[in-house]
Every structure is written in structure tokens, then in C-alpha cells.
Amino acid sequence: VATCVVLTPSTFLVMTAATTGRPVLETLSQILKGERKATDLYTGGGPLVMREASNWASRQGITDLTRTLLLRQGVGAGIALEIGSGVLGGVLACWNNPFEVARIRQQRDLALAAQSKSRGKNPVPPQKVRALDGSFVVTPSLEASSFDVIRFVIATEGVQGLFAGIVPRCIVSAHLTVFLVVVPRLLRV
């Protein structure tokens, strides 16, 4: 969870640059000049903490459970079992994707609102903001909590909206679990 002190501003700066096409230094300069709030850097911090707090415990625990279940099903011990349980553990650990979607949406919505200059010192949160491609994105209030964002996504996109981007996240999670959970166990590190 302590990593979120660095991770939240980092992901916010990446999201802002990717969303607006503006350099990271421009966003930091706006904060230093008082044109943006310093607390903007921590937008999406709540869901990021929830995702991180559940991420590695889930990967480790689900990998261990998967290994046990596979052994009970007659899969022989060995490297294939370890890698297979790591892949399954990593994929199943993505149950927390709704937290990731909430973080991304909170950071994206703030970046788009700042880009559209509809956000002043005491903003009235926009309901529609213009994306780089010229389309409009409907957003909840910029002051919406993580759970408000999750409810908004369900109301506007259905539950499946909470699992946007799940396939690439599963691939990354499976890879990380194999290399950061299984390999150290195999090497007894």
C-alpha cells in the first residue's frame, strides 16, 4: 500500500500525458504555478490502494490454492504444475479489475476535464468532456468516490464495463505471477 504514494502520481501523470497529448512537465508546471491542484496527483489513489492491497495477496493465495487443487486432480508435481498454477493464479487474481477501471476512469476524467479548460479553481464538474479524438466522454462528478465511479460504470455500461481491458491485464498478471511468485519458489529464493 505504501507504494501507492509513488505509484498514484506516476500513473496519474502517465494517464494525463496519454489522454491529453501534453508533456508530463507541463502538468507538473501547472501544479507548481497553482493552475492545478497538487492533490490532482493522487486522483484515483483509493482504487489503486484497493487494487494493490488485494493484488499480490490474491496472486500468492490463488496460486497456492490452484497448485493444491491440481495436485488433488492428479497433476504430477514439477515445473509444469508450478508454472500452470502461477498462470491460473495470475489470471484469477484479476478479480479486482473493477478497482483498476475506477482508478483509470478517475484519472482519465480529471485529465480530460483539465484539458477542456472547464475546470477552474472551484469547478462545477462536467458531465461531458471532449476526448482527443473529438468525441465526448460522459463522466460522473470529478469528486465522485471510487464506489460512485463503479456504480456509474455499472449504470452506464453494465457490469461488463468493470472488466474493460481484462484480457491484457490477465496476460500481464499471469506473467508477473510466474516470474515473481513461482520462479522465486522454484529457486528457493
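The rules behind each value
Residues numbered from 1 in each chain as written. Predicted model: local features only at pLDDT ≥ 70, side-chain atom pairs only at ≥ 80, totals over all residues. Heavy atoms only, no water. Helix = DSSP H or I, 4+ residues; strand = E, 2+ residues; numbered from the N terminus. Buried < 20%, exposed > 50% of the residue type's maximum accessible area, 1.4 Å probe, protein only. Contact = heavy atoms within 4.5 Å. Areas by Shrake-Rupley, 256 points an atom, 1.4 Å probe, with all protein chains shown as cover. Polar contact = N/O pair within 3.5 Å; in protein donor to acceptor, adjacent residues only side chain to side chain. Expected span 1.5 Å × (residues − 1). Arc of directions from axis to C-beta. Phe/Tyr/Trp six-rings, centres within 6.5 Å; stacked < 30°, edge-to-face > 60°. Lys NZ or Arg CZ within 6 Å of the ring centre and 35° of its normal. Salt bridge = Lys/Arg side-chain N within 4 Å of Asp/Glu carboxyl O. Disulfide = S-S within 2.5 Å. pLDDT = per-residue confidence, 0-100.

**Description of the overall build of the protein**
Then comes step 1: For the protein, the helix and strand inventory stands at 7 helices and 2 strands.
Then comes step 2: Listed N to C, the secondary structure of the protein is α-α-α-α-α-β-β-α-α in terms of helices and strands.
Then comes step 3: Per-residue burial over the protein gives 43% buried out of 189 residues.
Then comes step 4: For the protein, restricting intrachain contacts to residue pairs at least 6 apart in sequence, the fraction spanning at least 24 positions comes to 71%.
Then comes step 5: Accessible surface, the protein: about 10100 Å² in total, of which carbon and sulfur atoms supply 68%.

**Brief notes about the side chain of Gln107**
Then comes step 1: Along the chain, the position of Gln107 falls in helix α5 (residues 97–115).
Then comes step 2: Assessed through its relative accessible area of 0%, Gln107 is described here as buried.
Then comes step 3: Among the polar contacts made by the side chain of Gln107, one reaches the side chain of Arg103 at a distance of 2.6 Å.

**Comments concerning helix α4 (residues 79–92)**
Then comes step 1: With 14 residues, α4 should cover 20 Å at 1.5 Å per step; its first-to-last C-alpha distance of 20 Å lies within 8% of that length.
Then comes step 2: Inspection of α4 places Leu81, Glu82, Ser85, Gly86, Gly89 and Gly90 among the buried residues, and these make up the whole buried set. For α4, the angular spread of the buried residues around the axis is 155°, confining them to a single face.
Then comes step 3: Close packing links the buried residues of α4 with α3 (45–72) and α7 (166–187).

**Section: the packing of aromatic side chains**
Then comes step 1: This structure, assessed with the given rule, holds 1 aromatic pair.
Then comes step 2: Summarising the aromatic geometry, the rings of Trp95 and Phe99 are spaced 6.2 Å apart at their centres and angled 75° between planes, so their arrangement reads as edge-to-face.
Then comes step 3: Looking at Arg59, its charged tip hangs above the ring of Trp56, at a distance of 4.3 Å from the centre.

**Points about the pattern of salt bridges**
Then comes step 1: Under the definition given, this model contains 11 salt bridges.
Then comes step 2: A salt bridge links Asp64 to Arg67, with the nearest nitrogen and oxygen atoms 3.1 Å apart. Placement of both Asp64 and Arg67 in helix α3 is noted, with a separation of 3 residues, approximately one turn of the helix.
Then comes step 3: Judged by its relative accessible area of 27%, Asp64 falls in the partly exposed class.

**Focus on the environment of Thr16**
Then comes step 1: Secondary-structure assignment places Thr16 in helix α1 (residues 4–20).
Then comes step 2: Residues Thr16 and Ala114, spaced 98 residues apart in sequence, show a C-alpha to C-alpha distance of 9.2 Å.
Then comes step 3: If we ignore the near neighbours within four places in the chain, the residues touching Thr16 are Gly21, Thr27, Arg36 and Ala111.

**Points about the state of the cysteines**
Then comes step 1: Going through the model one piece at a time under the given rule, you end up with 0 disulfides.
Then comes step 2: For the unlinked cysteine Cys170, the closest cysteine sulfur is that of Cys94, found at 3.9 Å.
Then comes step 3: A residue is classified by how much of its surface remains accessible, and Cys170, at 17% relative accessible area, is buried.

**Details of the confidence of the model for the protein**
Then comes step 1: When the pLDDT values of the protein are averaged, the result is 82; 87% of them are 70 or greater.
Then comes step 2: Per-element averaging of pLDDT across the protein places strand β1 (residues 128–130) at the bottom with 65 and α4 at the top with 92.
Then comes step 3: Contacts of residues 118–124 to residues separated by more than four positions or lying in other chains number 13 contacts, the stretch itself having pLDDT below 50.

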